[in-house]
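Notes for the structure review
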Amino acid sequence: MGGRKRATGIVEQVDGGVAELCPDDGRPGRWTLLLDGYPQSALDLEDPRQLDFEYMRRIASVIDAMAPARAPLSVLHLGGGALTLPRYVAATRPASAQRVVERDAALIAFVRRELPLPRGADIRVRAADAREAVETLAPGRFDLVIADVYGGARVPAHLASLEFLTAAARLLRPGGVYVANLADGSGLAFTRGQVATLRRVYGEVVLLAEPGVLRGRRFGNVILAAAAEPGRIPQAPLARAGAADPFPARLVAGDDLTDLVAGARVVTDATATASPPPPANLF
């Protein structure tokens, strides 16, 4: 049975709260997923390459740049939402093998029922905690690991530690890339700790964010990309994509990133905290 329909969309109680799929009346096939009122994902069923959320476009720029066009990738998505990025990869890189880990089994069922995945796409979704999955998956299996996990609009603490990031790095093939979507505000304390921790694990780390977020003027998303081999992150294409976005982003790497995170300490299981909550009026 489908979720309860109302004027604004389709509503269903899931494990993590109240989920709502809201249609875009002006653009058929476009939907936004909210969880307890917080926007989680947006997608276009008719053209999954169209990404409404800027943080997803930033992640997509990494996906686009890390391998030749249409070359298939093996991708692990930690966090499912409306499965927007798996649909994007399936549309832009056919024959990719994708695995999704989403803790909320009821949310998975709701999304797959109301917004079915494209036929023929190799996308398998598993209901599990992201860290438990990472610690049990076979090593060297993925070209790309994308961490986009939120609980109550915050990145959980157990997914922000050196122990977790080390376990996730183990899953990457040589030349593989790890990408994380964070949310942070004034001072970027959470982000700075994550950069310091990623640098303990990887040889190269870069950051993408809007200048206003970098300067602490507003709360927003920060994308981090990391690779074992220095020079593996395609910085020039990422910088161009960020600058050309409707909400331009700045790429920070090398000495500039070192300056940004000066004094930040590596985060361990013993010291990890969740990312800061968004301001009450953000949404």
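Description of the structure in this document. In this text, all values refer to a predicted model and were calculated from it rather than measured experimentally.

So, about the packing of helix 1 (residues 54-65) against helix 8 (residues 235-244). When two helices pack together, their arrangement is given by the angle between their axes and by how far apart the axes lie. Put simply, helix 1 and helix 8 touch, their axes get as near as 9 Å, and they point 145° apart. Remark: the crossing between helix 1 and helix 8 carries right-handed chirality. Across the interface between the two elements, Ser61, Val62 and Ala65 from helix 1 touch Pro237, Leu238 and Ala241 from helix 8. A class-by-class count of the residues in the contact of helix 1 with helix 8 yields 5 nonpolar, 1 polar and no charged.

Moving on to helix 2 (residues 84-92). The element helix 2 is largely enclosed, with a buried count of 8 among its 9 residues. The complete set of buried residues in helix 2 reads Thr84, Leu85, Pro86, Arg87, Tyr88, Val89, Ala90 and Thr92.

Turning our eyes to something else, we now look at the packing of helix 5 (residues 162-169) against helix 6 (residues 189-201). Interhelical geometry of helix 5 versus helix 6 gives an angle of 45° and a closest axis separation of 10 Å. In terms of axis orientation, helix 5 runs oblique to helix 6. Of the two possible hands of crossing, helix 5 and helix 6 adopt the one that is right-handed. Facing helix 5, whose interface residues are Leu162, Leu165, Thr166 and Ala169, helix 6 presents Gln194, Thr197, Leu198, Arg200 and Val201. Residue classes in the contact of helix 5 with helix 6 are distributed as 5 nonpolar, 3 polar and 1 charged.

This part is about the sheet that holds strand 7 (residues 97-102). Pairing between the strands of a sheet comes from backbone hydrogen bonds, and it takes one of two forms, parallel or antiparallel. In space, the 8 strands of this open sheet follow the order 8-7-6-9-10-12-11-13, with mixed pairing throughout. With partners counted over all chains shown, the strands left at the sheet margins are strand 8 (122-127) and strand 13 (250-252), one partner each. Sheet twist, expressed as the average angle between the axes of neighbouring strands with direction ignored, equals 15°. Relative to strand 12 (residues 220-227), strand 10 (residues 172-184) runs antiparallel, the two sharing 8 bridges.

A word on the pattern of salt bridges. On inspection of all chains with the given rule, the structure shows 17 salt bridges. Taking the shortest distance from any N to any O, the salt bridge between Asp122 and Arg99 comes out at 3.1 Å. Placement of the pair is Asp122 in strand 8 and Arg99 in strand 7, with a sequence separation of 23 residues. Its relative accessible area of 30% is what places Asp122 among the partly exposed residues. The partner of Arg113 in a salt bridge is Glu114, with the nearest N and O atoms 3.2 Å apart. For Arg113, a relative accessible area of 32% translates into the label partly exposed. Beyond isolated ion pairs, a larger network of salt bridges with shared partners links Asp24, Arg27, Arg30, Asp44 and Asp52.

With that out of the way, let us pick up the packing of aromatic side chains. The geometry of two aromatic rings is summed up by the distance between their centres and the angle between their planes. Applying the stated criterion across every chain, the model contains 2 aromatic pairs. Ring plane angle 40° and centroid distance 6.2 Å describe the contact between Phe53 and Tyr55, whose orientation is recorded as tilted. When its relative accessible area of 8% is taken as the criterion, Tyr55 is described as buried. Aromatic side chains Tyr178 and Tyr202 sit 6.1 Å apart centroid to centroid with 20° between the ring planes, which places their arrangement in the stacked category. Of the two residues, Tyr178 is situated in strand 10 and Tyr202 in the loop between helix 6 and strand 11 (204-209); the sequence distance between them amounts to 24 residues. Across the pair, exposure class does not vary: Tyr178 and Tyr202 are buried alike.

Another point: the environment of Ala169. Along the chain, Ala169 falls in helix 5. C-alpha of Ala169 to C-alpha of Arg232: the two residues are 63 residues apart in sequence and 15 Å apart in space. Ignoring sequence-local partners within four residues, the contact set of Ala169 consists of Val201 and Tyr202.

In the Ramachandran plot, Asp36 falls in the positive-phi region, its phi being about 55° despite a non-glycine side chain. Residue position: Asp36 is located in the loop between strand 4 (30-35) and strand 5 (38-44). Overall, Asp36 belongs to the partly exposed group, its relative accessible area being 44%. Despite not being glycine, Arg70 shows a phi value in the positive range, around 70°. Take Arg70: its relative accessible area is 54%, and that puts it in the exposed class.

What counts as what
- Position numbers for residues start from 1 in each chain and track the written sequence from start to end.
- For a predicted model such as this one, the threshold for reporting local features is a pLDDT of at least 70, and the threshold for listing and counting side-chain atom pairs is 80 or more; totals across whole chains, interfaces and linings nevertheless cover every residue.
- The basis for every side-chain value is the complete set of non-hydrogen atoms in the structure, without hydrogens or water.
- Comment: axis = line fitted to C-alpha atoms, over the contacting stretch for helices; angle = value between 0 and 180 degrees taken between N-to-C directions.
- Every helix listed is a DSSP run of H or I at least four residues long, and every strand listed is a run of E at least two residues long, numbered separately from the N terminus.
- Handedness of each helix crossing follows the sense of rotation of the near helix against the far helix: counterclockwise by less than a right angle gives left-handed, clockwise gives right-handed.
- We call two residues contacting when some pair of their heavy atoms lies within 4.5 Å.
- Gly counts as polar in this scheme, as do all residues outside two lists: the nonpolar Ala, Val, Leu, Ile, Met, Phe, Trp, Tyr, Cys and Pro, and the charged Asp, Glu, Lys and Arg.
- A simple rule labels every residue: compare its accessible area, found with a 1.4 Å probe on the protein chains alone, to the largest value its type can have, and call it buried under 20%, exposed over 50%, or partly exposed in between.
- Roughly parallel covers angles under 35 degrees, roughly antiparallel covers those over 145, roughly perpendicular covers 65 to 115, and oblique covers all other angles.
- The criterion for strand pairing is that DSSP finds at least two bridges linking the strands in question.
- The working definition used for a salt bridge is a side-chain nitrogen of Lys or Arg within 4 Å of a carboxyl oxygen of Asp or Glu.
- Pairing of aromatic side chains requires ring centres within 6.5 Å, counting the rings of Phe and Tyr and the six-membered ring of Trp. Pairs whose planes differ by under 30 degrees are stacked, by over 60 edge-to-face, and all others tilted.

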